[in-house]
Amino acid sequence: MQWPEAMVYSGANMRPVSSWGRLGAEPHDVVELTDRAAVAGAVTGRTGIAHGLGRSYGDACLNPGGLLWRTAGLDRLISFDATTGRLVCEAGVVLRDISRLMIPRGWNLAVVPGTQWVTVGGAIANDVHGKNHHVVGTFGEHVRRLRLARTTGETIDCGPDERPELFKATIGGLGLTGLIIEVELQLRPTGGPWLDAETVPFSGLPDFFALSDESEAAWEHTVSWIDCTSGSVRGLFMRARPSDRSGRPWRDRMRRVPLTPPVSMVNGLSLKPFNALYYALGRRKSGVQVVHYERFLFPLDSVLEWNRLYGPNGFYQYQSVVPRAAALEATRDMLTAIARSGEGSFLAVLKTFAERPAAGLLSFPRGGVTLALDFRNSRTLPALFSRLDDIVRGAGGRLYPAKDARMPREFYQATYPDLGAFTARRDPGMSSGMSRRLMGF
Ligand SMILES: Cc1cc2nc3c(=O)[nH]c(=O)nc-3n(C[C@H](O)[C@H](O)[C@H](O)COP(=O)(O)OP(=O)(O)OC[C@H]3O[C@@H](n4cnc5c(N)ncnc54)[C@H](O)[C@@H]3O)c2cc1C
């Protein structure tokens, strides 16, 4: 079905759209996609970018002044084989819905990021990782087939064995190879929603590395929180694995930050006490506890719109990965630079990635250590980021586009060596704020 011209690009749907970092809300011509049979007609001959739930922090999902195809209305499950765990669904289906529906049936997504409010298409386009990267790799490794609508008018099916070059470009391809309409996913068998979880306090990076090495064989999920304001490196190492016990009845109690405060609530006054309290509370948890998977894997999802706490100017996330050999020194140098700058983070997360072949040409994860930190938007940040860039680059690392809103083009191009092969497979009509900033078009 061809969409009426007025619905496709009239300018009548111009409205401000921001991403998770809330760094601005430029007008976009928003087209809501709801019918998968109509997607090809909607994108043919146009220039724009797909937008899932806008959980990317920067401009990967934005196209200021231009067309934005919102995919959240493509939310149907198409088929499910309960014997093989193969699920076919539209690309706007939200990960939370898949997990909640499939876990009682003995299956779940292999990979989930730190929030469940992510669409299948968004998870593919950023080739997202979870706390179990050392066991199952990235989201793209579990995609068996996908259907792309290109602005050239073609609709193309691809997968690991069908048009593999286009498939590899689409996994982690930032929405730039076409609009993903539907996807076939391989789910993983699961025993239920409960996890055995343990929190282990650590002090110093060598301790973190020892805990990571010791935990990876026996624990499916590992991640650690670090207090980057304390001067010395201290943190909480959290690990979990499927449990055959059941926990206390679990209720999904969601709260919402009701408004945006006039100034950031994350500031020099609040950071130190918050971090000290969080560390102290974490230290008090001892032993293995049975917890619901949503509580362990998505602690931030219990407060909707927590990103408003950063005030009207928004915030940045800086997520790097550096190879293991350089990780101790690079992580220490980054934490020292952050402590010196006086800019701290509530959410400082450190995690190891396994060595495994990348699913996509532009996939972010690589073997090593990833550090992610949030920073309120302030005038001193450019100097800090430039120092952090030097450390990451010097260590042979790179930054995660899903979290980025500012990395210099030259840094990006030098650290994603398959960009040339990717560019050859781009859809000429797909363009985002990020693609213009980092790739020039
Ligand atoms: C609290 C929080 C925690 C997070 N934790 C993690 C984590 O642990 N690991 C991790 O890897 N990421 C993490 N992220 C990042 C998040 O998983 C990614 O940014 C994800 O891509 C967002 O999905 P989305 O549906 O909101 O897509 P959007 O942010 O709207 O879009 C992301 C990209 O996908 C493209 N896209 C969306 N739909 C389609 C489609 N149908 N066809 C083609 N392209 C499409 C867009 O063009 C864009 O390039 C986190 C984000 C938040 C807010």
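Our structure is the block above this text.
Per chain, residues are indexed from 1 in the order of the written sequence. Selection of residues for local features in this predicted model requires a pLDDT of at least 70, selection of side-chain atom pairs for listing and counting requires 80 or more, and totals for whole chains, interfaces and linings are taken over all residues. Calculation of side-chain values draws on the structure's entire complement of heavy atoms; hydrogens and water are dropped beforehand.

Participant: I keep staring at the sheet that holds strand E14 (residues 234-242) and nothing clicks. Help me out?
Facilitator: Remark on secondary structure: sheet strands pair via backbone hydrogen bonds, oriented parallel or antiparallel. Each pair of strands is called paired provided DSSP finds at least two bridges between the two strands. Where helices and strands are cited, they refer to DSSP runs of H or I of at least four residues and of E of at least two residues respectively, numbered from the N terminus. Read from one edge of the open sheet, 8 strands run E16-E12-E14-E13-E19-E20-E18-E21, paired in antiparallel fashion. Only two strands of the sheet have a single neighbouring strand rather than two, namely strand E16 (289-292) and strand E21 (398-399). In this structure, strand E13 (residues 221-227) lies alongside E14, joined through 7 bridges in antiparallel fashion. Each bridged residue has a counterpart across the sheet, and for Asp 227 the counterpart in E14 is Arg 234. In what follows, residue pairs with any heavy atoms lying within 4.5 Å of each other are defined as contacts. Note on geometry: axes are lines fitted to C-alpha atoms, helical ones only across the stretch in contact, with angles between N-to-C directions running from 0 to 180 degrees. Packing of helix H7 (residues 205-215) onto the sheet brings it into contact with strand E12 (194-203), E13, E14, strand E19 (348-353) and strand E20 (368-376), and relative to E14 it is tilted by some 5 degrees. Of the strands in this sheet, E13, strand E18 (315-322), E19 and E20 touch helix H10 (residues 324-341), which is tilted by about 15 degrees from E20.

Participant: Help me out: how do you make sense of the environment of Pro 262 in this one?
Facilitator: Along the polypeptide, Pro 262 turns up in the loop between strand E15 (255-256) and helix H8 (268-284). Throughout this description, buried means an accessible area under 20% of the type-specific maximum (1.4 Å probe, protein chains only), exposed means over 50%, and partly exposed covers the range between. Residue class for Pro 262 comes out exposed when judged on its relative accessible area of 73%. A C-alpha to C-alpha distance of 6.3 Å links Pro 262 and Pro 312, two positions 50 residues apart in sequence.

Participant: Looking at this model, I keep getting lost on the sheet that holds strand E1 (residues 14-17). Mind explaining?
Facilitator: A sheet is described by the order of its strands in space; here 4 strands give the open sequence E1-E2-E4-E3, paired in mixed fashion. The open sheet has two free edges, formed respectively by E1 and strand E3 (48-51), since each of these has just one partner strand. In this sheet, neighbouring strand axes are inclined to one another by 45 degrees on average, regardless of whether the strands run parallel or antiparallel.

Participant: Help me out: how do you make sense of the site of the ligand in this one?
Facilitator: Summary of the distance rule: residues count as near a molecule or strand when at least one heavy atom falls within 4 Å of that molecule or strand. In the region of the ligand, 35 residues are neighbours, and Ala 50, Gly 52, Ser 56, Thr 119 and Tyr 400 sit closest. What qualifies as a polar contact is a pair of N or O atoms within 3.5 Å, subject to a donor-acceptor requirement within protein and to the restriction that residues adjacent in sequence count only when both atoms come from side chains. Residue Ala 60 places a main-chain N or O atom 3.1 Å away from an oxygen atom belonging to the ligand. Look at the ligand: alone it shows 970 Å² of surface, and the protein chains cover 96% of it. Mapped onto the shell around the ligand, the elements with two or more residues apiece are E3, helix H4 (120-125) and strand E10 (179-186). Surface accessibility in these figures is a Shrake-Rupley result with a 1.4 Å probe; residues are shielded only by whichever protein chains are displayed.

Participant: Even after reading the chapter, I still don't get the nonpolar core, so can you show me in this structure?
Facilitator: Inside soluble globular proteins, nonpolar side chains tend to come together where they are buried. Remark: nonpolar core denotes a set of buried residues (Ala, Val, Leu, Ile, Met, Phe, Trp, Tyr, Cys) joined through side-chain atoms within 4.5 Å. Val 120, Phe 139 and Leu 146 are the most contacted members of the largest nonpolar core, which has 117 residues in total. Once you skip the residues sitting within four places of it in the chain, Leu 146 turns out to touch Ile 124, Ile 156, Asp 157, Cys 158, Phe 167, Thr 170, Ile 171, Ile 180, Glu 182 and Val 183. Judged by nonpolar contacts, the second largest core, of 9 residues, contains Trp 20, Tyr 57, Val 257 and Phe 315.

Participant: I would appreciate a short explanation of the packing of H10 against helix H11 (residues 381-394) in the present structure.
Facilitator: In helix packing, the relevant descriptors are the interaxial angle and the interaxial distance, both defined with respect to the helix axes. Direction vectors running N to C along H10 and H11 enclose 170 degrees, while the axes themselves pass 10 Å from each other. When the axes of H10 and H11 are compared, the pair comes out roughly antiparallel. Mapping the contact onto sequence places Ala 330, Asp 333, Met 334, Ala 337, Ile 338 and Ser 341 in H10 and Leu 384, Arg 387, Leu 388, Ile 391 and Val 392 in H11. In the scheme used here, Gly and all other residues not listed as nonpolar or charged are polar, with Ala, Val, Leu, Ile, Met, Phe, Trp, Tyr, Cys and Pro taken as nonpolar and Asp, Glu, Lys and Arg as charged. Residue composition of the contact of H10 with H11, by class: 8 nonpolar, 1 polar and 2 charged. Between 65 and 115 degrees an angle is taken as roughly perpendicular, under 35 as roughly parallel, over 145 as roughly antiparallel, and anywhere else as oblique.

Participant: What is the right way to read the packing of aromatic side chains from this model?
Facilitator: For any two aromatic rings, the description comes down to two numbers: the centre-to-centre distance and the angle of the planes. Here a pair means two rings of Phe, Tyr or Trp (six-membered ring of Trp) with centres within 6.5 Å. Their orientation is stacked below 30 degrees between planes, edge-to-face above 60, and tilted elsewhere. Under the definition given, this model contains 17 aromatic pairs. On the basis of an interplanar angle of 15 degrees and a centroid distance of 5.4 Å, the ring pair of Tyr 318 and Phe 385 is categorised as stacked. Remark: Phe 385 occurs in helix H11 and Tyr 318 occurs in strand E18; sequence separation between them is 67 residues. The exposure classification of Tyr 318 matches that of Phe 385, with both residues buried. Geometrically, the ring pair formed by Phe 375 and Phe 385 is edge-to-face, given 5.6 Å between the ring centres and 75 degrees between the ring planes. Of this pair, Phe 375 sits in strand E20 while Phe 385 sits in helix H11; the two residues are 10 residues apart in sequence, bridging distant segments of the chain. On the basis of relative accessible area, Phe 375 is assigned to the buried category, the value being 0%. Ring pairs connect the aromatic residues Trp 20, Tyr 57, Trp 306, Tyr 310 and Phe 315, which therefore count as one cluster. Criterion for a charge above a ring: Lys NZ or Arg CZ within 6 Å of the ring centre, and within 35 degrees of the ring normal. Its guanidinium or amino end placed over the ring of Trp 219, Arg 241 lies 3.7 Å from that ring's centre, counting from NZ or CZ. Over the ring of Tyr 416 we find Arg 398; its NZ or CZ atom is 4.6 Å from the centre of that ring.

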